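# Working through the structure, step by step
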Amino acid sequence: MKAHKLLIPLVVALACVGIGVAGTSAASPHEQASRRHRRAKKLRIDSLVVAGKTGPLSITVRAGIRSQVVATVDGRRVDHPFELAGRRAQSLELATSDGLRAGPNKLRITAREDGVVSRATRVVHVPAWALDADAGEDTHTIAHVPTRVGLRPSPRAGGGGEVHYDWRIVDRPPGAKVTLRERDVARPVLHARQPGRYLLQQTADPEGDGEPSSHDRVTVSVVPEDPPIGVPLNTLDAQEDNAIRIAGKSYGGGSGVISYVVLERTTRAVVASGTVANGYDSSGIETLIGLAEKYGSGGNYMRYMMILSGATGIPNQKLADFATLLKKVGTALPSQEEFEAVRTRRPFSVIGIPGAPAGAATTRIPDGPASGAIVGYLTKNQAIDAEGTPLYDFSPGEQPTFDTRLPDSDSTTNKMRIDGQTYSATLLPGATAGLHVVVLESTTLGLLSNEAIATNGLGHDRTTQAEAATKLLGAIKKSDDPTVFVQTIGKPKAAGPEWAGVVEALGRLGANRQLVNALDGTTEYALVAREGATAPPAESSTAYDHGPYPAPHRPPARLVGTLARDRTSSFVPDVYSTPTEASPEGSVNLELMTIAYQPAEAWPELAPGFDRDEVAAAQRYICEELNFCRPTNSCPSVRECFWQRYYADWDAKLAKIGNLTYPKGKGFEEDAFTEVKGELLKEIEAVANVKNYLKELQQPFESGTRSYVDLKAISDKIWQSLQQPAQSNSTSWILGLVGKAVAIGGFAGPPVSGAAAGLAAAFGLASYLSNKQGQPILGAEVRAKSDALAGEMLDRIDAARKTMNGLGMLIVSDHGKLMAAYRHVDSDWALPSPEVADNTLRTASKQWFWEALIPTAFPYLIRADSDNARNLTCNDLGSDRHAWPNQPDFFQMDATVGYRENGTPIDAVFFFTRGLGGAMSPSAQIGDEMFRPRTGTADPGLGMEKLQFFTPRVFNRRIYHALNFTHLCWLGFLPREW
């Protein structure tokens, strides 16, 4: 930059404009008040700088981590996302490539959080000279790989002379070896040997006098040469004095200390490590609190990972400080038992994110003999919201599978297989039905109980069932939070009020009590759950609501799926499905998940027996002919290109290598070339086939926007059926989309079950990933407002889509995984047409959305001892104010809630409402659409099952009991809709 030129930043005022959200139905007074409230919310612009050091235009807005913020420039949406700039701020850099033009530019910024939309608009004048600099979007590369950064320059606004460029490295990791070549062109070459974040600044100096220089900056995250699975992690390595061990390096270790490592989530570069004393008079924990605050605030927010471990617990007098530390790294505070375990010198481990919300950290604080070590991988998270550099997260690398009923089970003996171990249990002689119960310790899957509990056939069934309830509860209580597997043997039949004990015991695990009460001698049931988990259990049942529709004839109840570790290191059911009779292996592709995390297998030696220099030269020649192994922005060998250039056209590469002929004079003989080419040809064929299979599997996820259109239509139907809108703070517990997609495919039979198997794999592996808050994307229930549900659904589908890419890279990066998957893709993993799989996912999406939206609009689930909601008489309502006069039969369910002394069932009606009195239900046509079978008619419905829909988990975890002929049916606390 010439000496007489000055940098002239233009700072725009901080005023802002807030715009409310329009509803979809006629505005009632309540709705108008709600709209006024939403209009009052404004999106605050903290700063807006033109021609500053960081780029042509820099924006910072007041928006928290949960806000989804987007910007448009003159109506064109900016593709790259806002970045976190602290706990309550997000920032964005704009340049010519984002649509900025010389002169006035209209900016529109929209933030969405919990269904509330806020907007700010600006007209910003940008001088032409400020647009000369454009360093491009933040990017990432691999260490030791020379990489071009920046963009090709855009034509100067209004023409003009040339622009001279000058690049410099503003910031780098301490001691990093790095070169920046061709600094005086628009696209220099960065060659960094050490992982970490590199901040580069471009200065654009226009030819001639009279105009200032402009600047732009770009961050290049240089990541290690890690395979897609990541690098091994052990937080308490007993072989290294209980040190934290990452990728073969040890940090900390010893007794009476807390070991710690702080690393960047983009590059896993270690920025701090060591040990501090674990308590007493030291300030060790206070030091760690300071580190958590430093790396969890301002521009560091959500950018770092903090790993803590200790082999000898925490002294009692430091537990309060320890709790503060855990909170500051995103830990949901441990239970009293876990704190007691730490106090009694038990080992512990935490993988947290400084500043993150509770629930983002992974913890291991065993209160028994289990190890306190967290063992797995630090993996590049492929499912973060931003499309930029993936963030490192912890992946257990475990996929324990389960099958609650193996094919060789019979009417008196059931066999389960869990994590490769078979558990068999046989009913006592004479027993005709019962429950096979396997109870495992939730962190180690160690066996606590394996027994067959009889319920029928031993004489007096009521006595037998009272004993069964006691045995079942005793088995569950063998651990504080066990993982429990239950499968019916035969078809149990409830005999009397003692059955309530069985219902209560399974209800502790989150079981649907209506399904357990439906065991009437004609139905079957299976359950996989962890006691105390926030994630819902996996359930399968042949019971159904006896409504106006024909019997669905479901396949035998059985659960096939995988377990995943939650953030407390306990195993919970992940994805699941009931199999069909036509597809007895089930519709969860257990083998694909197993292959993804099978032990690593090295690539075979290329052309063994030939000279190594010749082989290397032949491999290099083939790599270059495939347009890889280039001086910049390339991968170093064909096999590394499999995953580093996964998005390349591998079908074209296969054709290209197949047509290669021996070239003379390249430093290798023809025999060596033929051997190398033959092996690489086989491997590239496998890569192309596996990638194509996963691409087909990905197709249903690509049509998420079409599903969104369907969801908007459903939303309109619901809102238009209301006289008043739901309260703005209404929430709903959303059930897992994966279970529905997989179950629908399984029920349909081949070939749809093949697509469902792939969907299960995508969702299952996505459960290991996390969102921008560091919290799990799948596997846990999510609370969301009704107008945010469609976005939540699309986020989950998008996560599964991105997971397919990560899964592909994982498989092709390892010889054993690649060849194991290749053997299946054209045979038993064959998929139906994308349209079939797409329809399966769309149907599941609709079911999932109904289950979330209906309870948001109608949040009160009512049980009444009556045969119809319209028959309820609530005193003091008045003759013209009947309690529920508009509750259509389609939105009611008769279900068994208990049994009398003589064994006859006690039935009750279930329905939902907005409150007392008035027209408070959707129309009967909506109910018919929801519950009408998916098959068998010219106009198929969604086939939703009322027995699984009318549950506390769907309706905010509570059922209200309406008592007939009482004052307001004892529900006077409900809103009065008259």
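Residues numbered from 1 in each chain as written. Predicted model: local features only at pLDDT ≥ 70, side-chain atom pairs only at ≥ 80, totals over all residues. Heavy atoms only, no water.

Secondary structure assignment for the protein chain yields 20 helices and 44 strands. The long-range fraction of contacts in the protein chain, counting pairs at least 24 apart against all pairs at least 6 apart in sequence, stands at 68%. A total accessible area of about 39,200 Å² is found for the protein chain, and carbon and sulfur atoms account for 49% of it. (Helix = DSSP H or I, 4+ residues; strand = E, 2+ residues; numbered from the N terminus. Contact = heavy atoms within 4.5 Å. Areas by Shrake-Rupley, 256 points an atom, 1.4 Å probe, with all protein chains shown as cover.)

Quick look at the packing of aromatic side chains now. Per the stated rule, a full pass over the model turns up 23 aromatic pairs. Seen in terms of ring centroids, Phe668 and Phe673 are 5.9 Å apart; in terms of plane orientation they differ by 15°. Their pairing is stacked. When its relative accessible area of 3% is taken as the criterion, Phe668 is described as buried. A relative accessible area of 3% places Phe673 in the buried class. Considering the side-chain rings of Phe912 and Phe949, the 6.2 Å spacing of their centres and the 90° angle between planes classify their relative orientation as edge-to-face. Of this pair, Phe912 sits in strand 42 (residues 905-913) while Phe949 sits in helix 20 (residues 946-949), and the two are 37 residues apart along the sequence. (Phe/Tyr/Trp six-rings, centres within 6.5 Å; stacked < 30°, edge-to-face > 60°. Buried < 20%, exposed > 50% of the residue type's maximum accessible area, 1.4 Å probe, protein only.)

Quick look at the sheet that holds strand 42 now. Spatially, four strands are ordered 41-42-39-43 in an open sheet, and the strand pairing comes out mixed. Each end of this open sheet is capped by a strand with a single partner; those strands are strand 41 (892-899) and strand 43 (959-962). Adjacent strand axes in the sheet meet at a mean angle of 35° when their direction is disregarded. One ladder, built from five bridges, connects strand 39 (residues 860-864) with strand 42; its direction is antiparallel. (Pairing = 2+ DSSP bridges. Axes fitted to C-alpha atoms, helices over the stretch in contact; angles between N-to-C directions.)

We now examine the state of the cysteines. Following the criterion strictly, the structure yields three disulfides and no others. Within the protein chain, bonded cysteines paired by disulfides and numbered along the sequence follow the pattern 1-2, 3-4, 5-6. (Disulfide = S-S within 2.5 Å.)

Secondary-structure assignment places Asp74 in the loop between strand 4 (68-73) and strand 5 (76-77). By relative accessible area, which is 46% here, Asp74 ends up partly exposed. Remark: the alpha-carbon pair of Asp74 and Pro104, spanning 30 residues in sequence, is separated by 9.3 Å. Filtering out sequence-adjacent residues up to four positions away, Asp74 remains in contact with Pro104, Asn105 and Lys106. Among the polar contacts listed, one links the side chain of Asp74 to the backbone nitrogen of Lys106, at a separation of 2.8 Å. (Polar contact = N/O pair within 3.5 Å; in protein donor to acceptor, adjacent residues only side chain to side chain.)

Attention shifts here to helix 3 (residues 319-328). Within helix 3, the full set of buried residues consists of Leu319, Phe322, Ala323, Leu325 and Leu326. End-on, the buried residues of helix 3 take up no more than an arc of 160°, which puts them together on one face. Along helix 3, the residues that are exposed and aim more than 90 degrees away from the buried face are Ala320 and Lys327. Those residues of helix 3 that are buried are in contact with helix 2 (284-294), strand 22 (304-310), helix 4 (336-343) and strand 23 (348-352). Of the residues one or two after helix 3, Gly330 is the one with positive phi, at around 85°. (Arc of directions from axis to C-beta.)

For the rest of this paragraph, the subject is the packing of helix 5 (residues 461-476) against helix 6 (residues 499-507). Viewed as axis vectors pointing N to C, helix 5 and helix 6 meet at an angle of 15°, and their least axial separation amounts to 7 Å. Judged by the inter-axis angle, helix 5 sits roughly parallel to helix 6. Crossing of helix 5 over helix 6 shows left-handed handedness. Along its contact with helix 5, which presents Gln465, Ala469, Leu472, Leu473 and Ile476, the element helix 6 presents Trp499, Gly501, Val502, Ala505 and Leu506. (Parallel < 35°, antiparallel > 145°, perpendicular 65-115°, else oblique. Left-handed = near helix turned anticlockwise from the far one by under 90°.)

With 60 residues, the main nonpolar core has Ile622, Phe628, Trp650, Val676, Leu694, Phe701 and Leu807 as its most contacted residues. Looking at this core, the elements with two or more residues in it are helix 8 (590-596), helix 9 (612-625), helix 10 (638-644), helix 11 (650-658), helix 12 (670-702), helix 15 (752-766), helix 16 (789-812) and helix 17 (815-825). Ranked by the residues each element gives to this core, the list is headed by helix 12, at 12 residues. Aside from chain neighbours lying at most four places away, what touches Leu807 is Leu592, Ala596, Leu694 and Leu765. Within the second largest apolar cluster, 52 residues are counted, among which are Val439, Ile714, Met930 and Phe949. (Core = buried A, V, L, I, M, F, W, Y, C linked by side-chain atoms within 4.5 Å.)

Summarising the element assignment, Ser637 is placed in the loop between helix 9 and helix 10. Of the polar contacts made by the side chain of Ser637, one reaches the side chain of Glu640; its length is 2.8 Å. Contact partners of Ser637, with chain neighbours within four places excluded, come to Gln619, Cys623 and Cys629.

This part covers helix 11. Among the residues of helix 11, Trp650, Lys653 and Ile657 are the ones counted as buried. Projected down its long axis, helix 11 shows its buried positions confined to an angular sector of 50°, all on one face. For helix 11, the side-chain oxygen to backbone nitrogen distance between the N-cap and Asp651 is 3.2 Å, and the N-cap itself is Asp649.

This part covers the pairing of strand 15 (residues 196-206). Burial analysis of strand 15 places nine of its 11 residues in the buried class, the great majority of the element. Where strand 12 (residues 163-171) meets strand 15, eight bridges bridge the pair, whose relative direction is antiparallel. Pairing of His164 across the sheet is with Asp205, part of strand 15. Strand direction decides the pairing type here: strand 15 and strand 16 (residues 214-223), joined by nine bridges, are antiparallel.

Our focus in this paragraph is the packing of helix 2 against helix 3. Viewed as axis vectors pointing N to C, helix 2 and helix 3 meet at an angle of 20°, and their least axial separation amounts to 9 Å. Judged by the angle between their axes, helix 2 and helix 3 are roughly parallel. Between helix 2 and helix 3 lies a crossing whose hand is left-handed. Residue-level inspection shows Ile285, Glu286, Leu288, Ile289, Ala292 and Glu293 of helix 2 in contact with helix 3, the latter providing Asp321, Phe322, Thr324, Leu325 and Lys328. Across the contact of helix 2 with helix 3, the residue classes break down as six nonpolar, one polar and four charged. (Nonpolar A, V, L, I, M, F, W, Y, C, P; charged D, E, K, R; others polar.)

This part is about the confidence of the model for the protein chain. In the predicted model, the protein chain carries a mean pLDDT of 83, and the fraction of residues at 70 or more is 83%. Low pLDDT, under 50, characterises residues 1-40; the stretch is placed with 86 contacts to residues that sit more than four places away or in other chains. Per-residue pLDDT stays below 50 along residues 582-586; that stretch engages in eight contacts with residues further than four places along the chain or on separate chains. (pLDDT = per-residue confidence, 0-100.)

What follows is about the sheet that holds strand 14 (residues 189-192). Taken together, three strands build an open sheet; the order of strands is 11-14-13 and the sheet is antiparallel. Each of the sheet's edge strands pairs with one partner strand only, and the pair in question is strand 11 (147-148) and strand 13 (178-181).

All told, the structure shown has 28 salt bridges when counted by the stated rule. We note a salt bridge from Glu83 to Arg303, for which the minimum N-O separation is 3.5 Å. Highlighted residues: Glu83 in strand 6 (residues 83-84) and Arg303 in the loop between helix 2 and strand 22, separated in sequence by 220 residues. Accessibility expressed as a relative area gives 25% for Arg303, which makes it partly exposed. Lys817 is the salt-bridge partner of Asp814, the closest N and O atoms lying 3.9 Å from each other. One exposure class covers both Asp814 and Lys817, and it is buried. (Salt bridge = Lys/Arg side-chain N within 4 Å of Asp/Glu carboxyl O.)

Attention now moves to the side chain of Asn456. In this structure, Asn456 sits in strand 31 (residues 447-456). Of note is the side chain of Asn456, whose polar atom sits 3.0 Å from the side chain of Asp461. Setting aside residues up to four positions removed in sequence, Asn456 forms contacts with Ala431, Thr432, Ala433, Asp461, Thr464, Gln465, Pro492 and Lys493.

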